[in-house]
Amino acid sequence: MTRVSMNVDGVVYEDEVESRTLLIHHLRERLGRVGTPIGCDTSNCGACTVLISGESVKSCSVFAVQADGEQITTIQGLADGQGVNGEAVGQWHPVQRAFQQHHGLQCGYCTPGMVLAAVDLLARNASPTEDEVRHGLEGNLCRCTGYQNIVKAVLSAASELRGEGPLPGSFQDSADLTGVGA
Amino acid sequence: MTEQLDAGMVAEQIADADALSSPRRGGELGRGRRRKEDAKLLTGQTNWTDNIVLPGLLHMSVLRSPMAHAKILSVDVSGALEMPGVIAAYSGADLAEVQGSLPCAWPVTPDMVHPDHHPLAVDEVRYVGDGVAVVVARDRYASADALEAIVVEYDELPVVLDMESAISDGTPLVHEDKGTNTCFVWPFAGGEDYDATKAKADVVVKRRFRQQRLLPAAMEPRAVVVAPIAAADDYTVYSATQIPHILRVMLALVTGIPEHRIRVIAPDVGGGFGSKLNVYAEEVLALVVAKKLGRPVKWTESRSEGFQATIHGRDQIQDVEICATQDGKVLGLKVDLLADMGAYLQLVTPGVPILGAFMFPAIYKMDAYSFTCTGVFTNKTPTDAYRGAGRPEATYAIERIMDELAHELGRDPMDLRRQNWIKHEEFPFETVCGLTYDSGNYEAATEKAEAMFGMAALRAEQKARRESRDPIQLGIGISTFTEMCGLAPSRVLGSLSYGAGGWEAAQIRMLPTGKVEVVSGATPHGQGHHTSWSQIVADALGVPFEDVECVTGDTDSSPKGMDTYGSRSLVVGGVAIHRAAAKVIEKARRVAAHLLEAAEGDVEFRSGTFSVKGSPEAKTTIQEVALATFAAHNLPEGMEPTIDADCVYDPENFSFPHGTHLCAVEVDTETGFTKIRKYVCVDDVGKVVNPVIVEGQVHGGLTQGIAQALYEEAIHDAAGNLVTGTMADYLLPTAADLPHFDTGRTETASTTNPLGVKGVGEAGTIASTPAVINAVVDALRPFGVNNIDMPATPERVWRLVQSGGSR
């Protein structure tokens, strides 16, 4: 067993872990951070993507011991602004908002990974083309949406993060269903 | 009447405040509401089955057969029991008395061969992945480790993997005691005698199409948690299932635990596509093991485990023959089908090709139709319903053979279709299969699709590329599809020997504070039911969308239902809700009349308010009526103090969405690589509750259909191992593999339900596969190609180019 300490969504956790324990299993089974799901066993689907020091990582391809001392942001911590863009506490990240506004999710199982992969993609490339978004998200599989609305959502979030405002949404109802920090 | 709409127009319409209360159908229906489901999904607060942790929870792992066919000589679990953290381990023989046999609810013929299907194999394994033993341990890693300490002795038996071998003489038998690999033969005919009709034909075109085996691959793997209260013989089963209600009944029948002692909860479920429309071995095993141990038990599949142990889809060989006159009139269609059941029958395995039987004639008028399906056992994972379930296979066959007929006759493929399809003024139309299509307008959808596609310019480019012998050839593919949705009228299911009905249940509860609870037996797993149901109820009752809460997926709180599959939720479940709402209004009208001291016949209901004809100031809202009913101080004489209402709705007919899909592909004849250049679809799914959700369903459906055409195939080696056994090997398309879809709609209302809806969950999948393959074949016509097996991989395309079309 090895002692590890990691900051997950703003909380520091110290635990003894087996050296073979995958980060995703540590997050889910030890820390109870079950917002990040598991979709495969070959690092293909990307559902378990988290940010480690701001970079997207498939948490099934990292041992918990490798994350010792790291700053980890999961989908559960993104809205609190722990992640990348210094969002006000409680606000959804623009990528989260864009996914809702453009119907970029259906069953939602790939969504945590897809959102965090998109956050990383936009941190590396503030003005991606549609093609760059499609290739940038190649490591994340979705079985429901056909990706079109995910791509739209990421392009919209990119626009918003550049200060140019979001792209016109697919859903255009006025009421804000999400509230703040929903 | 058909209204022409496209995504852009919908966006304009929902952007326009006036359009929100357009006279079409009030404010909520047809409105692009954001989904209520999204908040928890986007913030990681979702309750997937694998998230559930209970005090004392144990983890179950399943040891699976590495052989496709073998006698089990012995199973020794003693080594596992000595491993740290292991609580129990059982072989199939250990559980033989309690595990029962997994159900098949669709005995398609009286003499169908229906072998026992034990959750854990007892004497013999019949596919790679067949369960042999289980370990139950204190955590996931411990139970997985302990599997390796179980010793199983097998005596290997010969395997049979392909259907044609399986039904030939002297073949190995999957079930020796049954004496045959033929599960059933199901003949069907409609219209005139096929052979007599064929004798009158000028042209006969035959093709063999293969529907390759597919893996449904919902993103959430299957999982089950069983929480027993041993002293009370009471069990709560959490399962990543599409069908909690059916599962409850079946678990009771399989295990003998009384139905009323089992509660099934489908928590948040991450996609299904048919793969969670089943009663699985692990659900039964977790239940019987939890009962034995008196402790909660969880099983979650790993992805590669699921690729073996979760049902597969498709897998048919279709011999299709169409006959026509020289001037292009289709006279008859003959279909001989081999359908791979796999090693056992799952819940509706034999019914899938039978459902398809009615869809081969599709939108075309013809005099004669002959169909035979032979169900075949092989040493592979069982097949069952996968998005479309029989209808994509049928649609592929007819849309492919129509292109081949057009080529044979030297006709434009769209002209030939137009000549033969049912004209919009001919509805309702009884097809050669005996189905009555209530409505449709193939002309309108096609006209619109062709305009969006730019057909003339693409044909000109194709001609130029052909003439210049460009290595990149352009192909254009058409699919003018229809499907049968809204499963299903119970009497029809009965006539097809299905074991249950096709109704759906709904309840609407008016809370004292004016909020509304909607209980539905349709169980969501990503479709956005709660948003759509809220729109239907808000529209009907005139209450705010935000004030409606939906209750689904739990046999305690939504006790009655037939669940979600076959594009039925809106068409059957949504209509049930709509009718329940109408009953609420009628009960409330009686209370309102009493409160307003008016005759019931004088009380009108509009936008949530009851008013008295002729005295507009005398009015009360439905929320006020709900509170007055709750207080019950002053109700009409003899009235029960409730305006809540139930409805169990049994549809009178299927619904028949249709559409025209057009695909242009660029095929690199030097590398064999196919790129989709343009994809246009115009779908007619009738009236629409939420256009953005509908469009999302179309996108996802298209993707799964395109994946069958170009990417996906479950491949077994000669020993029966699934070679494409992980997500690294099975090619699920990524964002980079797919084109932008240009989607449009026409709206021809269904006439058999009051909402005018038809269903949309499967349309894209059903329509897109033949559109893509027709395009690939069209691109390769100059090379003598008139068929290609799916998926049309670069290797297959390249070989066809090299060989001049011979496969």
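Remember, it's a predicted structure, so these values are computed and weren't measured experimentally. Starting afresh in each chain, residues are numbered from 1 along the sequence in its written order. Chain A is the first chain written and ligand 1 is the first ligand written, with later ones labelled in order. Note on the predicted model: pLDDT of at least 70 is required for a residue's local features to be given, and 80 or more for side-chain atom pairs to be given and counted; whole-chain, interface and lining totals, by contrast, use all residues. Computation of side-chain values covers all heavy atoms of the structure but excludes hydrogens and water.

Novice: What is the right way to read the overall build of chain B from this model?
Specialist: Within chain B, the regular secondary structure consists of 23 helices and 29 strands. Relative to the globule expectation of 28 Å for 807 residues, the C-alpha radius of gyration of chain B, 28 Å, shows essentially globular dimensions. If one aligns the C-alpha atoms of chain B with their principal axes, the spans along those axes are about 85 × 75 × 50 Å. Here's how the labels work: a residue is buried when its accessible area is under 20% of the maximum for its type, exposed when over 50%, partly exposed in between, all with a 1.4 Å probe on protein chains only. Counting every position in chain B, which comprises 807 residues, the buried fraction comes to 66%. Long-range pairs, those at least 24 residues apart, make up 79% of the contacts in chain B between residues at least 6 apart in sequence. Of the roughly 26400 Å² of accessible surface on chain B, 50% is carried by carbon and sulfur atoms. Counting 72 positive and 107 negative side-chain charges, chain B places the centres of these two groups 3 Å from one another. Segments assigned H or I by DSSP are reported as helices when at least four residues long, segments assigned E as strands when at least two residues long, and all are numbered from the N terminus. In this description the radius of gyration comes from C-alpha coordinates, and the expected globular size is given by 2.2 Å times residues to the power 0.38. Two residues form a contact once any of their heavy atoms are found within 4.5 Å. Under the convention used here, a 1.4 Å probe and the Shrake-Rupley method define accessible areas, while residue burial counts only the protein chains that appear. Neither His nor the chain ends contribute to the count of charged residues, in which Lys and Arg are positive and Asp and Glu negative. Think of each charge as sitting on NZ of Lys, CZ of Arg, CG of Asp or CD of Glu.

Novice: Mind showing me how you'd approach the pattern of salt bridges here?
Specialist: Where charged atoms of side chains with opposite charge meet at close range, the side chains can pair. Salt bridges are identified by distance alone: a Lys or Arg side-chain nitrogen within 4 Å of an Asp or Glu carboxyl oxygen. Here the structure, examined in full by the defined rule, presents 69 salt bridges over all chains. A salt bridge links Glu18 of chain A to Arg20 of chain A; its shortest N-O distance comes to 2.9 Å. Glu18 of chain A sits in the partly exposed class, given a relative accessible area of 33%. Notably, a salt bridge pairs Asp120 of chain A with Arg124 of chain A, separated by 3.0 Å at the nearest N-O pair. Pair noted here: Asp120 of chain A and Arg124 of chain A are both in helix α4 (residues 111–124), with a separation of four residues, about one helical turn. Salt bridges sharing common partners tie together Arg28 and Glu29 of chain A together with Asp50, Arg140 and Lys298 of chain B.

Novice: Got a minute to help me understand the domain arrangement of chain B in this structure?
Specialist: Often the size quoted for an interface is simply the accessible area lost on bringing the parts together. Residues and elements named next belong to chain B. What marks off one domain from the next here is an automatic or database domain assignment. Split by domain assignment, chain B resolves into domain 1 (49–157 + 222–300), domain 2 (313–487 + 653–803) and domain 3 (503–649). Taken over C-alpha atoms, the centre of domain 2 sits 40 Å from the centre of domain 3. If you look at the interface, domain 2 gives 20 residues, while domain 3 gives 16 residues. Throughout, buried area stands for the accessible area (probe radius 1.4 Å) lost by two parts on being put together, summed over both. Roughly 1400 Å² of surface becomes buried between domain 2 and domain 3 when both sides are summed, with 65% attributable to carbon and sulfur atoms.

Novice: Would you mind going over the sheet that holds strand β26 (residues 645–649) of chain B with me for this structure?
Specialist: Within a sheet, neighbouring strands are paired by backbone hydrogen bonds and run either parallel or antiparallel to one another. Residue and element names in this part refer to chain B. The mixed open sheet is built from four strands, whose spatial order is β22-β21-β20-β26. The sheet is open, and its two borders are formed by β22 (548–551) and β26, each paired with just one other strand. Strand-to-strand twist of the sheet, defined as the mean angle between neighbouring strand axes without regard to direction, takes the value 15°. Note: two strands are recorded as paired if DSSP finds a minimum of 2 bridges between them. As paired strands, strand β20 (residues 504–510) and strand β21 (residues 516–520) are joined by five bridges and run antiparallel to one another. Pairing of Met510 across the sheet is with Val516, part of β21. Convention adopted: a line fitted to C-alpha atoms gives each axis, helices being fitted over their contacting stretch, and angles between N-to-C directions are expressed from 0 to 180 degrees. Along the sheet face, helix α19 (residues 569–595) touches β20, β21 and β26 and points at about 145° away from the line of β26.

Novice: Sorry, what's going on with helix α15 (residues 442–453) of chain B here?
Specialist: Because the α-helix completes a turn every 3.6 residues, residues three or four places apart line up on one side. All names here are of chain B. A helix's residues, less one, multiplied by 1.5 Å, set its expected span. Along its twelve residues, α15 runs 16 Å from first to last C-alpha, staying within 8% of the 16 Å computed at 1.5 Å per residue. Of all the positions in α15, only Tyr442, Ala444, Ala445, Thr446, Lys448, Ala449 and Phe453 are classed as buried. By the criterion applied in these results, polar contacts are pairs of N or O atoms within 3.5 Å in which, for protein atoms, one can donate a hydrogen and the other can accept it, and in which residues neighboring in sequence qualify only through two side-chain atoms. Taking the backbone nitrogen of Glu443 as reference, a side-chain oxygen 3.4 Å away marks Asn441 as the first, capping residue of α15. Among the residues trailing α15, Gly454 stands out with phi positive, at a value near 75°.

Novice: So what exactly am I meant to see when it comes to the packing of helix α13 (residues 391–409) of chain B against helix α14 (residues 413–420) of chain B here?
Specialist: For any two helices packed against each other, one specifies the inter-axial angle together with the distance between the axes. Residue and element names in this part refer to chain B. Running from N to C, α13 and α14 cross one another at 110°; their axes reach a closest spacing of 9 Å. Classed by the angle they form, the pair α13 and α14 counts as roughly perpendicular. In this structure, α13 contributes Glu399, Met402, Asp403, Leu405, Ala406 and Leu409 to the contact, and α14 contributes Pro413, Leu416, Arg417 and Asn420. Three classes are used, and their members are as follows: Ala, Val, Leu, Ile, Met, Phe, Trp, Tyr, Cys and Pro are nonpolar, Asp, Glu, Lys and Arg are charged, and the others, Gly among them, are polar. A breakdown of the residues in the contact of α13 with α14 according to their chemical character gives six nonpolar, one polar and three charged. An angle below 35 degrees is read as roughly parallel, one above 145 as roughly antiparallel, one from 65 to 115 as roughly perpendicular, and any other as oblique.

Novice: What is the right way to read the packing of helix α3 (residues 94–101) of chain A against helix α6 (residues 148–161) of chain A from this model?
Specialist: All names here are of chain A. Relative to each other, α3 and α6 sit at 135°, their axes nearing to 8 Å. Taken together, the axes of α3 and α6 are oblique relative to one another. For α3 against α6, the interelement crossing comes out right-handed. Contact residues: α3 offers Pro94, Val95, Arg97, Ala98 and Phe99, while α6 offers Ile150, Ala153, Val154, Ser156, Ala157, Glu160 and Leu161. In terms of residue class, the contact of α3 with α6 is made up of nine nonpolar, one polar and two charged. A crossing counts as left-handed when the near helix is turned anticlockwise from the far one by less than a right angle, and as right-handed when that turn is clockwise.

Novice: Would you mind showing me how to read the layout of surface pockets here?
Specialist: By rolling a water-sized probe across the atoms, one finds the places where empty space is left. Only protein atoms enter the 1 Å grid, on which a cavity is a set of points fitting a 1.4 Å probe that cannot get out and a pocket is an open set with protein on both sides within 12 Å along at least 5 of 7 lines, lining residues being those with an atom within 4 Å of a point. Grid points are joined across faces, edges and corners, and a volume is the space filled by probe spheres set on the points. What the largest pocket holds in volume is close to 740 Å³. Along the walls of the largest pocket sit 33 residues, with His25 of chain A together with Arg140, Thr300, Glu301 and Ser302 of chain B positioned nearest its centre. Every element with two or more residues in the lining of the largest pocket is listed here: α1 (23–30) of chain A together with β2 (58–64), α6 (140–147), β13 (297–300) and α11 (303–309) of chain B. When residues of the lining of the largest pocket are assigned to their parent elements, the largest contribution, six residues, is made by α6 of chain B. For the lining of the largest pocket, a count of residues per class yields 14 nonpolar, eight polar and eleven charged.

Novice: Any chance you could explain the side chain of Thr620 of chain B here in plain terms?
Specialist: All names here are of chain B. Counting through the fold element by element, Thr620 comes out in strand β25 (residues 615–621). Within the structure, the side chain of Thr620 is placed 2.8 Å from the side chain of Glu624, a separation counted as a polar contact. Setting aside residues up to four positions removed in sequence, Thr620 forms contacts with Ala592, Leu596, Gly608, Thr609, Phe610 and Val625.

Novice: What is the right way to read the confidence of the model for chain A from this model?
Specialist: Caution is warranted with low-pLDDT regions, since their predicted coordinates should not be read in detail. pLDDT expresses, on a scale from 0 to 100, how confident the predictor is about each individual residue. Per-chain confidence: chain A averages 90 in pLDDT, with 88% of residues scoring 70 or above. With pLDDT under 50 throughout, residues 81–89 of chain A is counted as low confidence; its partners more than four residues away or in other chains account for 19 contacts.

Novice: Honestly, the domain arrangement of chain A in this entry has me stumped. Any pointers?
Specialist: All names here are of chain A. By the assigned domains, chain A splits into domain 1 (2–78) and domain 2 (94–161). Spacing between the C-alpha centres of domain 1 and domain 2 amounts to 21 Å. Across the contact, 19 residues belong to domain 1 and 13 residues belong to domain 2. Counting the surface lost from both domain 1 and domain 2, the interface buries some 1300 Å², and carbon and sulfur atoms represent 62% of this. Sorting the residues of domain 1 by area buried against domain 2 places Thr49, Ile75 and Leu78 first, and these three jointly supply 35% of that buried surface. Between domain 1 and domain 2 we count one salt bridge in total. Between Arg124 and Glu55 there is a salt bridge, with the nearest N and O atoms lying 3.8 Å from each other. On inspection of domain 1 and its partner domain 2, the count reaches seven residue pairs in polar contact (both at pLDDT 80 or more). Secondary structure elements with two or more residues in the side of domain 1 that touches domain 2: β3 (49–52), β4 (55–58) and α2 (75–78). Residues of the side of domain 1 that touches domain 2, tallied by class, amount to eight nonpolar, nine polar and two charged.

Novice: Sorry if this is basic, but what is going on with the sheet that holds β25 of chain B here?
Specialist: Residue and element names in this part refer to chain B. With antiparallel pairing, the three strands of this open sheet are ordered in space as β23-β24-β25. Strands at the two margins of the open sheet, each flanked by one partner only, are β23 (603–606) and β25. Averaged over all neighbouring strand pairs, the angle between strand axes comes to 30°, with direction disregarded. One ladder, built from four bridges, connects β23 with strand β24 (residues 609–612); its direction is antiparallel. Counterpart to Phe605 in the pairing with β24 is Phe610. Contacting β23, β24 and β25, helix α20 (residues 622–631) runs over the sheet at an angle of about 55° to β25.

Novice: In this structure, what is going on with the packing of aromatic side chains? I would like to understand it.
Specialist: The geometry of an aromatic ring pair is captured by the separation of the ring centres together with the interplanar angle, meaning the angle of the planes. All names here are of chain B. Classification of ring pairs rests on two measures: the distance between centres of Phe, Tyr or Trp rings, Trp counted by its six-membered ring, which must be within 6.5 Å, and the angle between planes, read as stacked under 30 degrees, edge-to-face over 60 and tilted in between. The final tally for this structure, using the stated rule, is 17 aromatic pairs over all chains. On the numbers, 6.3 Å between centres and 40° between planes, the contact of Tyr369 with Phe371 is tilted. Phe371 gets classed as buried once you look at its relative accessible area, which sits at 1%. Between Phe605 and Phe610, the aromatic rings sit 4.6 Å apart at their centres with planes inclined by 40°, giving tilted as the arrangement. In textbook terms, an aromatic cluster arises when at least three aromatic residues are bridged by ring pairs, as seen for Trp186, Phe188, Phe358, Phe360, Tyr369 and Phe371. The criterion is that NZ of a Lys, or CZ of an Arg, lies within 6 Å of the ring centre and within 35 degrees of the ring normal, and then a charge sits over that ring. Its end group placed over the ring of Trp503, Lys560 keeps NZ or CZ at 4.6 Å from the ring centre. The ring of Tyr565 has Arg568 sitting right over it, with the charged end atom 5.1 Å from the ring centre.

Novice: What am I meant to see in the state of the cysteines here?
Specialist: In protein chemistry, a disulfide is the covalent bond that joins the sulfur atoms of two cysteines. All names here are of chain B. For the purposes of this analysis, a disulfide is any pair of cysteine sulfur atoms at a distance within 2.5 Å. Counting across every chain of the model gives zero disulfides over all chains. Sulfur of Cys183: no disulfide; nearest cysteine sulfur belongs to Cys104 and is 7.5 Å away. The class of Cys183 is buried, set by a relative accessible area of 1%. Counting only cysteine sulfurs, Cys433 is the nearest neighbor of Cys323, a cysteine outside any disulfide, at a range of 15 Å.

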